[in-house]
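# An overview of the molecular structure
Each chain is listed here by its residues.
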Amino acid sequence: MEDSALDTFVSDVDTRFAPVVMALDRAVSDADSKITAAIKWRQLTYALAGDFHHWICAIAVTKKAVSLRFHFGGLLDDPHNVFRAGSSKFLRSIDFASANDLDPQLVTDYVRRALSRLDYFKANWRKLQGSS
């Protein structure tokens, strides 16, 4: 039996953060049944129907926290003020030090927000990248 992307990813994660990764995976997967996961760019990456060129979000683990990164998070509303700006115009992250920091419904809500903006991002990312 082939390991899932989640199993493979968790096997390389610090055991302190495995519960956070597992809880995030459940919350992301709950957003839409068509979401698929694969390890891309050293992250557990999620896309709609396997379109990893236009990935939605990804889980990355550092020595201090687990980050849920949104590919085009800069286009999303952040009503709970949880986003940390990333290294690009679009990338935004939410950081979790433990599973206790995680509100699964909030995560699912943000993933659904991203899914609702996916078509807009796909159609306009080049133009958006060039604007200031």
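This is a predicted model, so every value here is computed, not measured. (Residues numbered from 1 in each chain as written. Predicted model: local features only at pLDDT ≥ 70, side-chain atom pairs only at ≥ 80, totals over all residues. Heavy atoms only, no water.)

## Re the overall build of the protein
A tally of helices and strands in the protein yields three helices and six strands. In the protein, the order of α-helices and β-strands from amino to carboxyl end is α-α-β-β-β-β-β-β-α. The globule rule puts the C-alpha radius of gyration for 132 residues at 14 Å, and the 14 Å found for the protein is close to it. Based on the C-alpha atoms only, the size of the protein along its principal axes is roughly 40 × 35 × 25 Å. (Helix = DSSP H or I, 4+ residues; strand = E, 2+ residues; numbered from the N terminus. Rg over C-alpha atoms; globule rule 2.2 N^0.38 Å.)

## Quick look at the pairing of strand S6 (residues 92-96)
Strand direction decides the pairing type here: strand S4 (residues 66-70) and S6, joined by five bridges, are antiparallel. If you follow Phe70 over to S6, its bridge partner there is Arg92. Direction of pairing for strand S5 (residues 84-85) relative to S6: antiparallel, over a ladder of two bridges. Of the residues in S6, the one forming a bridge with Arg84 is Ser93. The loop that links S5 with its antiparallel partner S6 comprises six residues. (Pairing = 2+ DSSP bridges.)

## Remarks on the packing of aromatic side chains
Applying the stated criterion across every chain yields a total of six aromatic pairs. Ring geometry for Phe72 and Phe121: centres 4.5 Å apart, planes at 15°, overall stacked. Taken together, the residues span a long stretch of sequence, with Phe72 in the loop between S4 and S5 and Phe121 in helix H3 (residues 104-130) at a distance of 49 residues. Every member of this aromatic cluster is reached through a ring pair, and the members are Phe70, Phe83 and Tyr110. In this structure, Arg113 packs its charged tip against the face of Tyr110, placed 5.5 Å from the ring centre. Positioned over the ring face of Tyr120 is Arg117, at 4.5 Å from the centre of the ring. (Phe/Tyr/Trp six-rings, centres within 6.5 Å; stacked < 30°, edge-to-face > 60°. Lys NZ or Arg CZ within 6 Å of the ring centre and 35° of its normal.)

## A word on the nonpolar core
Nonpolar side chains in soluble globular proteins tend to be buried together. Within the largest apolar cluster, 40 residues are counted, with the highest numbers of intra-cluster contacts made by Val21, Leu24, Ile59, Leu68, Phe70, Val107 and Val111. Secondary structure elements with two or more residues in this core: helix H1 (5-11), helix H2 (18-29), strand S2 (43-48), strand S3 (57-61), S4, S6 and H3. Apart from residues lying up to four places away in sequence, Val21 is in contact with Leu6, Phe9, Val10, Val13, Leu44, Ile59, Val61 and Val66. (Core = buried A, V, L, I, M, F, W, Y, C linked by side-chain atoms within 4.5 Å. Buried < 20%, exposed > 50% of the residue type's maximum accessible area, 1.4 Å probe, protein only. Contact = heavy atoms within 4.5 Å.)

## A few points about the environment of Leu68
Position of Leu68 among the secondary structure elements: in strand S4. Not counting chain neighbours up to four residues away, the residues in contact with Leu68 comprise Leu24, Val28, Cys57, Ala58, Ile59, Arg92, Ser93, Ile94, Phe96 and Val107.

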